[in-house]
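Here's the letter readout for the chains.
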Amino acid sequence: MKTLVDVEKGEIHNMDPEFARCPHAAYAQVREQCPVGRSSFNGAVILARYEDVAWALRQPELFSSKMDFKVLLGNERPMIPQQVDPPEQTRYRRLLDPHFSRKKMEKLAPQIRDHANQLIDGFIDDGGCEFDAAFAIPLPCTAFLALFGLPASELQSFLEMKDGIIRPQNLVPEGGDTSFEAMTEARRATGRRIYAYFQDEIETRRRRPGDGLLEQLLVAEIEGEKLDENEILDICFLLLLAGLDTVTATLGCNIAYLAANPEERRLLAQDTPVVPGAVEELLRWETPVTSVPRIATQDVAVGDVTIREGELVSLMLGAANTDGAHFSEADTVDFGRERNLHLAFGGGPHRCLGSHLARMELRVAMEEWHRRLPDYEVAPGKTPRYSPGIREVMYLPLVWNR
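By convention here, each chain's residues receive numbers from 1 onward along its written sequence. Whole-chain, interface and lining totals are the exception, using all residues; otherwise, since this is a predicted model, local features are given only for residues with pLDDT of at least 70 and side-chain atom pairs are given and counted only at 80 or more. Side-chain calculation: all heavy atoms of the structure are included, whereas hydrogens and water are not.

1. Digging into helix α7 (residues 109-123)
A run of DSSP states H or I qualifies as a helix once it reaches four residues; a run of E qualifies as a strand once it reaches two. Both are numbered from the N-terminal end. One less than the residue count of a helix, multiplied by 1.5 Å, gives the span that helix is expected to have. Here α7 spans 22 Å end to end across 15 residues, near enough to the 21 Å set by a 1.5 Å rise per residue. When a residue's accessible area, from a 1.4 Å probe over protein chains only, is under 20% of the maximum for its type it is buried; when over 50% it is exposed; and in between it is partly exposed. Residues of α7 that are buried: Ala 109, Ile 112, His 115, Ala 116, Asn 117, Leu 119, Ile 120 and Phe 123. What makes two residues a contact is simply this: any of their non-hydrogen atoms within 4.5 Å. In this fold, the buried residues of α7 make contact with α6 (102-106), β6 (128-130), α8 (131-136), α9 (138-148) and α17 (355-372).

Written out as structure tokens, the structure reads:
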């Protein structure tokens, strides 16, 4: 087995695919032996204990979300509201939070349920599917397109743009250049494509208003002033990435876990009211967004380690969510867990804007999948393949009997 945590050097190989495949043993080692370590990938200081991570998430004045946003995600300006801090960020959240309320997101549930069943109809008689491509990728896009009032025909364009930012290496032909420099340029090119797409949409909606979030942003005001075009573009940039990738990643991790754990799988198939608790517990246990980045705004001590001003800090949500100092029987998956205060959606002022949307999508997807396909497993002889960072099961071959 690979060494994923080098305690002597204080290094954590958190971007290794093996870390993504089965992170729990590494999480435990990090918490116990290296709770303030460094990533071997980018040198970021890693915080791993629940207490430290939850505290840092609530301290934007010490751990800022403002960073060199041009390097990794291709955006030319900060994504709003994720890459701005209070009090500026608070103004945007007051505007956006009502658009993502639980009540509003539930109105999309029938459409998501219909699409889930349409997708299942397309492969149920085949006796198997590759779950990521067949279900986990297309389903969340329905919610995103519905939210913005965009046609289903735009699906492929959005998937290409999402992958061009988050996993540009997947779009490179075999033998092509996947160096850091090439991937950075690919992300920048995709970023320009995203801005251009939404600029065209803004112009179209001004001429012919429809009924979607984009129209609402065009007339929205903060303290009596309308959002300017760049602000709207920066909101759209964030929502595209968050709306199309994290739910996909969560669905894949959940189904991979359940495929390997038939008792829990049967429980979901037999008892629909269990699903909301299962969604929360699998968010805690599988935690697809394994960490979130911050920049230290000043020297700050965490335990006996001093983090220096300007250092990149990685708050390891996955390790925090399996910390036995906070969760009773943290290594047991319990769908009836009470007060499940996990950090899968982050915490503090930057807590995930779309958490109600994500919960609704996950609940509906899990209900419909297990209603239609209660018995499934990973195809014999096949091995799921995970990606690091945002922990997605990029290859999940399933089989079932009808």
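So, next bit.
2. Considering the state of the cysteines
Note that a disulfide, as used here, is simply two cysteine sulfur atoms within 2.5 Å. Counting across every chain of the model gives zero disulfides. Cys 141 provides the cysteine sulfur closest to Cys 236, a residue in no disulfide bond, and the two sulfurs are 16 Å apart. Judged by relative accessible area, which is 0%, Cys 236 ranks as buried. Looking at the unpaired Cys 253, the closest cysteine sulfur is the one in Cys 22, lying at 12 Å.

3. Some words on the packing of α7 against α17
For helices, the fitted axis covers only the stretch in contact; all axes are lines through C-alpha atoms, and the angles between them, taken along N-to-C directions, range from 0 to 180 degrees. At a minimum axis separation of 9 Å, α7 and α17 run at an interaxial angle of 40 degrees. For the element pair α7 and α17, the recorded crossing hand is right-handed. Residues Ala 109, Ile 112, Arg 113, Ala 116, Asn 117, Ile 120, Asp 121 and Phe 123 of α7 form the contact with α17, whose own contacting residues are Met 360, Arg 363, Val 364, Glu 367, Glu 368, Trp 369, Arg 371 and Arg 372. Its residues assigned to classes, the contact of α7 with α17 shows eight nonpolar, one polar and seven charged. Two helices cross in a left-handed way if the nearer one is turned anticlockwise from the farther one by less than a right angle. They cross in a right-handed way if the turn is clockwise. Asp, Glu, Lys and Arg are counted as charged, while Ala, Val, Leu, Ile, Met, Phe, Trp, Tyr, Cys and Pro are counted as nonpolar; the rest, among them Gly, fall into the polar class.

4. Quick look at the sheet that holds strand β3 (residues 36-39)
One open sheet accounts for seven strands, arranged β1-β2-β3-β4-β12-β9-β5; its pairing is mixed. Across the chains shown, the open sheet's two edge strands, defined by having one partner strand only, are β1 (5-6) and β5 (63-64). A pair of strands is considered paired only if DSSP assigns at least 2 bridges between the two.

5. What to know about the pairing of strand β9 (residues 292-296)
With respect to burial, β9 is a largely interior element, four of its five residues being buried. Pairing analysis gives two bridges linking β5 to β9, with the strands arranged antiparallel. Paired with Phe 63 across the strands is Ala 296, a residue of β9. Where β9 meets strand β12 (residues 312-315), four bridges bridge the pair, whose relative direction is antiparallel.

6. Quick word on the pairing of β12
Both strand β4 (residues 45-47) and β12 contribute to a ladder of three bridges, which runs parallel. When the bridges of β12 are listed, Val 45 appears paired with Val 313.

7. Examining the sheet that holds strand β13 (residues 377-378)
A sheet is described by the order of its strands in space; here three strands give the open sequence β6-β16-β13, paired in antiparallel fashion. In this open sheet, the two edge strands, each paired with only one partner strand, are β6 and β13. Both β6 and strand β16 (residues 397-399) contribute to a ladder of three bridges, which runs antiparallel. Bridge pairing in β16 links Cys 129 to Leu 398.

8. Let's talk about the packing of helix α11 (residues 180-207) against helix α13 (residues 229-260)
Close contact between α11 and α13 brings their axes to 10 Å; oriented N to C, the two are set at 120 degrees. By the angle between their directions, the pair α11 and α13 is classed as oblique. Judged by the twist between their axes, the crossing of α11 over α13 is right-handed. Mapping the contact onto sequence places Gly 191, Ile 194, Tyr 195, Phe 198, Gln 199, Ile 202 and Arg 206 in α11 and Glu 229, Ile 232, Leu 233, Asp 234, Cys 236, Phe 237 and Leu 240 in α13. Here the contact of α11 with α13 is composed, by residue class, of nine nonpolar, two polar and three charged. Here the word oblique covers every angle except those under 35 degrees (roughly parallel), over 145 (roughly antiparallel) and from 65 to 115 (roughly perpendicular).

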